[in-house]
Amino acid sequence: MKISILGAGAWGTALALAAARRHDTLLWARSAEAVARMQAQRSNAQYLPGVAFPPDLALSADFHAAVAHAREGVLVVATPMSGLRETLAALQQLQVQAPVLWLCKGFEAGTARLGHEIAREVAPSLRCGVLSGPSFAQEVAAGQPTALVSASADPTVARSGVEAFHGERLRVYSSADPVGVEVGGAVKNVMAIAVGIGDGLSLQAQEQGLLGPGLNARAALITRGLAEMQRLALALGAQTETLLGLAGLGDLVLTATGDLSRNRRVGLMLAQGLSVQDILQRLGHVAEGVYSAPTVLARAQQLGVDMPITEAVVDVLQGRIPVAQTLERLMGRQARSEW
């Protein structure tokens, strides 16, 4: 199969490495200089230092050539959420017939739209879907076991994701619920910031010989965070089972507890008293939860969905409440039925 990955960030590069072990794969980057550097080093030192490219992985800065490469295969959009609209519109203009899967997770800033909603607006003729799940790019690039979900309302598109990437170390399940998969991928980033804040406050308390929020609070945030994800997903037409699977609970647990999670690190650094601007400069990579949290909240409020954890994270990110008051505010909510 011929596969083109459009975007050479950490996740796009990692997936290209996984695909190149079995398929004719091309990795596209917007910058010709970046492509020349990767070609010379046979690695992506900026995003995946120390991981060598397979000999057969092709590289290009020519967008049209990258699209043509996958004419009878699969196209994967590996841009951030902010670049999805532009890329899908370009593919629509080129009248692409191959299945298109995007990797980005989040709601679009300004419109609060999910990927499938953007595609319906700017690229209605594309056969498209989403590839998501609990996955750190570094582990996928290293060939460590990972499971993903390929989701589309078009079953042939969902199957194309399985055929392209399913292998010995990368297991890919198919799904007919792209809405649930996308909501899980978007909201888990916000919940990871919340859990990071709680864990960061616990670490600070330990250093001072005090009792912090603790592991009980972490379990509560993850569980109630899942409930928020489910409420929003169901309001948007998703299936409950999807949020209990890899793209929901699985991705939430990984992102909220894994040391490689950028969104969790945002929460940890917020608890240390760092500003959002300083945190993003230190990270050097995109932490989607910072940008998507206000959009997630706006979409939830539009639908009348109660999301108190998301609301608290937004208030912290925008400086309306001190970090130390985050868990106090959540624990002080009025008692009610769990469901």
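Source: prediction; values computed, not measured.

Caption draft 1: Inspection of helix 2 (residues 32-41) at higher detail. Residues of helix 2 that are buried include every one of Ala34, Val35 and Met38, and no others. Down the axis of helix 2, the sector holding all buried residues measures 100 degrees, keeping them to one side. Facing away from the buried side of helix 2 by over 90 degrees, the exposed positions are Glu33 and Ala40. Packing partners of the buried residues in helix 2 comprise strand 3 (58-60).

Caption draft 2: The arrangement of the UniProt feature "binding site: NADPH" (unreviewed entry) in the protein chain in detail. The UniProt record marks Trp11, Arg30, Tyr47, Lys105, Ala137, Arg262, Val286 and Glu288 with the feature "binding site: NADPH" (unreviewed entry), using the residue numbering of this structure. A maximum C-alpha distance of 23.5 Å is found for the annotated residues, which run over 278 residues; spatially they are spread out rather than grouped. Apart from the residues lying within four places of it in its own chain, the contact partners of Trp11 are Leu103, Ser135, Ala137, Val140 and Leu148. In this structure, Glu288 sits in helix 14 (residues 288-303). Residue Glu288 is classed as buried on the basis of its relative accessible area of 18%. Among residues more than four places away in sequence, those in contact with Glu288 are Pro80, Met81, Lys105, Asn189 and Asn263.

Caption draft 3: A look at the pairing of strand 1 (residues 2-6). The buried fraction of strand 1 is high, at 4 of 5 residues. In terms of strand pairing, strand 1 meets strand 2 (residues 24-28) through 5 bridges, oriented parallel. Looking across to strand 2, one finds that Lys2 is bridged to Asp24. Of the pairings in the sheet, the one linking strand 1 to strand 4 (residues 74-77) comprises 4 bridges and is parallel in character. Bridging across to strand 4, Ile5 finds its partner in Val76.

Caption draft 4: The UniProt feature "active site" (unreviewed entry) in the protein chain, seen in detail. Under the feature "active site" (unreviewed entry), the UniProt entry names Lys188. Mapped onto the elements of the fold, Lys188 is located in helix 8 (residues 178-207). What makes Lys188 buried here is its relative accessible area of 6%.

Caption draft 5: Representation of the nonpolar core within the structure. With 50 residues, the main nonpolar core has Val187, Leu232 and Leu270 as its most contacted residues. Going through the elements one at a time, helix 8, helix 9 (214-235), helix 11 (246-257), helix 12 (262-271), helix 13 (276-283), helix 14, helix 15 (308-317) and helix 16 (326-331) are the ones with two or more residues in this core. With residues near it in sequence (within four places) discarded, Val187 still touches Phe107, Met229, Leu232, Val296 and Met307. If you look at the next biggest cluster of nonpolar residues, it comprises 35 residues, including Ala16, Ala29, Leu103 and Phe165.

The rules behind the values
Residues numbered from 1 in each chain as written. Predicted model: local features only at pLDDT ≥ 70, side-chain atom pairs only at ≥ 80, totals over all residues. Heavy atoms only, no water. Buried < 20%, exposed > 50% of the residue type's maximum accessible area, 1.4 Å probe, protein only. Helix = DSSP H or I, 4+ residues; strand = E, 2+ residues; numbered from the N terminus. Arc of directions from axis to C-beta. Contact = heavy atoms within 4.5 Å. UniProt positions renumbered as here; feature names shortened; annotations may be inferred. Pairing = 2+ DSSP bridges. Core = buried A, V, L, I, M, F, W, Y, C linked by side-chain atoms within 4.5 Å.

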